[in-house]
Amino acid sequence: MAQPQTKRAVHKKIASKRVLLLYSGGLDTSCMVRWLQEKYSADVITLTLDLGQGGLEEARAKALKLGAKSAHVVDARTEFVEQYVAKAIKANGLYQDQYPLSTAIARPLMAKVAVEYALKEGVDAIAHGCTGKGNDQVRFEISIGALAPDLEVLAPVREWNMSREEEIHYAERHGIPIPVDIHSPYSTDENLWGRSIECGVLEKPDSEPPAEIFEYAIPPEQAPNQPEYVELEFENGLPTSLNGRAENLVQLIAELHKIAGRNGVGIIDMVEDRVVGLKSREIYECPAAVVLLAAHRDLERFCCTIHENEFKPLVDRMWAELAYKGLWNDPLMADLEAFTDKINERVSGWVRVKLYKGHAQVVGRRSENGLYDLNLATYERQQTFDQSASPGFIKIWGLPTRSANQLQTKYEALGNKR
Ligand code: ARG
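Computed from a prediction, not measured in an experiment: that's the story for all the values here. (Residues numbered from 1 in each chain as written. Predicted model: local features only at pLDDT ≥ 70, side-chain atom pairs only at ≥ 80, totals over all residues. Heavy atoms only, no water.)

1. Focus: the side chain of Asn263
Take Asn263: it is sitting in the loop between helix 9 (249-262) and strand 11 (267-273). In contact with Asn263, other than residues within four places in its own chain, are Ala223, Pro224, Gln226, Glu228, Leu355, Tyr356, Lys357 and Gly358. (Helix = DSSP H or I, 4+ residues; strand = E, 2+ residues; numbered from the N terminus. Contact = heavy atoms within 4.5 Å.)

Here is the structure:
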C-alpha cells in the first residue's frame, strides 16, 4: 500500500539531513543515533549536557562509536545553577507543593543549548529522546519552538513504536552497547538539583518504593541517631556559604547533597498531575533542594511583611506551574521573576537547619533585614507594643463579622432560616 502523501513528504524532506540529537548515552538515545541514520539517512551530531549527572566521556565515546559525525559535551553546570536553580530557589519552586522541579528546569536549558549548537552546526532538525506521554517532550518542543521556530523537531520514540524488548533486539542487531542496568525496571533522570525515578514497581501508587532505588538519600530509618546541623548564609535570596565556608552554588549544592542525603533527607513520593492529563507516581530524591528551599522560605518570611508573605506564594505557585508545564519562555515567567528578584533583594541572613532521620527543620534564623522585633514580641517588661490600642483595633477589625452575626440572630428570632 502506498504511504500517505504527508508521511512520504516528511521522510523525503528529512532524507539526508543533518540532525542534532540530545543524547544522554542511555539505550533510547543510543538506538536513536542508528535509527536516524537508517530511517532518514541523517548525519547525526550528538549533544550531551553536563548538569552534574556524570558519565559524560563514556557518552561521547559511545556516540562516536555509533557513527555520530561529531559528539559535543557541554559543561552547563554553572549556567544551570545560576540561571535556573537560582530562580527556583528565589521562587521557592515546588510543583504541587512537593516536587522541586529538578528535571523540569533542566529542559529549557537543554533546549537553549541545543538551539545554539543546531544553528552553529547548520542542522535541519533537533531530535530528543522523550516519549509521547510525558512532560519533557512538551518542555523541549515549546522551548525550541520559542527560540528557533523554523527548526524541525524529531521525537523518534513517538514514531518508532518499539517495545522495550524490541528495542533491546534492535540494539543487539546494531552493535549498540547494552547498558549494564538494562534489566533495571526504573527510568531515571538526574542532575545536580535532584534525581527522578519512575516505572517498575513504582507505577503502583500503593506500594512503598524499595530502598534500592535511592542513590543520594539513605532510608531515614538507617540514618544516624544523632541530628546533624547545617548553617547557611543567604545573600539576595541565594545561599553563599555552608557551615561557615563560602562556596559557589555548584559546590554548595553538591556538599549539601551529601550531608542531607546521609541523614535521609530529600525523598519525595508523590502522585503528580502531568501536563498531558494523566497522573503518574514519581519518586524524587532531592536532598539539597529540600534543605535549601526550607531555609530560603523561612528566611524570606522573616524579612517580608505579612502582606508580602500572603502574596508571594501566589507568585511562586504560578512560577512553578509555568516551569513544570514547559512555559519557561513565556513572558509571564520573566514578569514573575522581576517580582521575585525584587522581593529577594532583602532575603539575606543566616539560617540553621536540623537534619534528623529524613526531616529538615529550620531551628534558627537571623537577618539584618528581619522584621521580627523582640521588643514588640516579648512578654517581658521592656516590651513596646501598645496593648491599650488593641481593644479599638479588635472592635473595628471584627465589625463585619459582628454585623453579619447580629443580622443572622435577628432572622432566626423571627423564625426564618437562611
Ligand atoms: N515527572 C517529572 C517531570 O516531569 C520527572 C520526569 C523524569 N523523567 C525520567 N525519565 N525519569 O519533571
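Back to the write-up after that little detour.
2. Focus: the sheet that holds strand 2 (residues 43-50)
Spatially, five strands are ordered 3-2-1-4-5 in an open sheet, and the strand pairing comes out parallel. In this open sheet, the two strands that pair with only one neighbour each are strand 3 (70-75) and strand 5 (152-154). Strand-to-strand twist in this sheet, taken as the mean axis angle between neighbours without regard to direction, amounts to 25°. Looking at chain direction, strand 1 (residues 18-22) and strand 2 are connected through five bridges and run parallel. Looking at the pairing, Arg18 lines up with Asp43 of strand 2. Where helix 3 (residues 56-65) meets the sheet, its contacts fall on strand 2 and strand 3, and the angle it forms with strand 3 comes to roughly 165°. (Pairing = 2+ DSSP bridges. Axes fitted to C-alpha atoms, helices over the stretch in contact; angles between N-to-C directions.)

3. Description of the site of the ligand
Taken together, 14 residues lie near the ligand, and Tyr99, Asn135, Arg139, Ser187 and Glu272 sit nearest. Arg139 places a side-chain nitrogen or oxygen 2.9 Å from an oxygen atom of the ligand. When the ligand sits alone it has 350 Å² of accessible area, and the protein chains cover 90% of it. Broken down by secondary-structure element, the contributors of at least two residues to the shell around the ligand are helix 5 (102-121), helix 6 (136-147), strand 6 (187-191), strand 7 (194-198) and strand 12 (279-285). Per element, the largest residue contribution to the shell around the ligand is three residues, and it comes from strand 6. (Near = heavy atom within 4 Å. Polar contact = N/O pair within 3.5 Å; in protein donor to acceptor, adjacent residues only side chain to side chain. Areas by Shrake-Rupley, 256 points an atom, 1.4 Å probe, with all protein chains shown as cover.)

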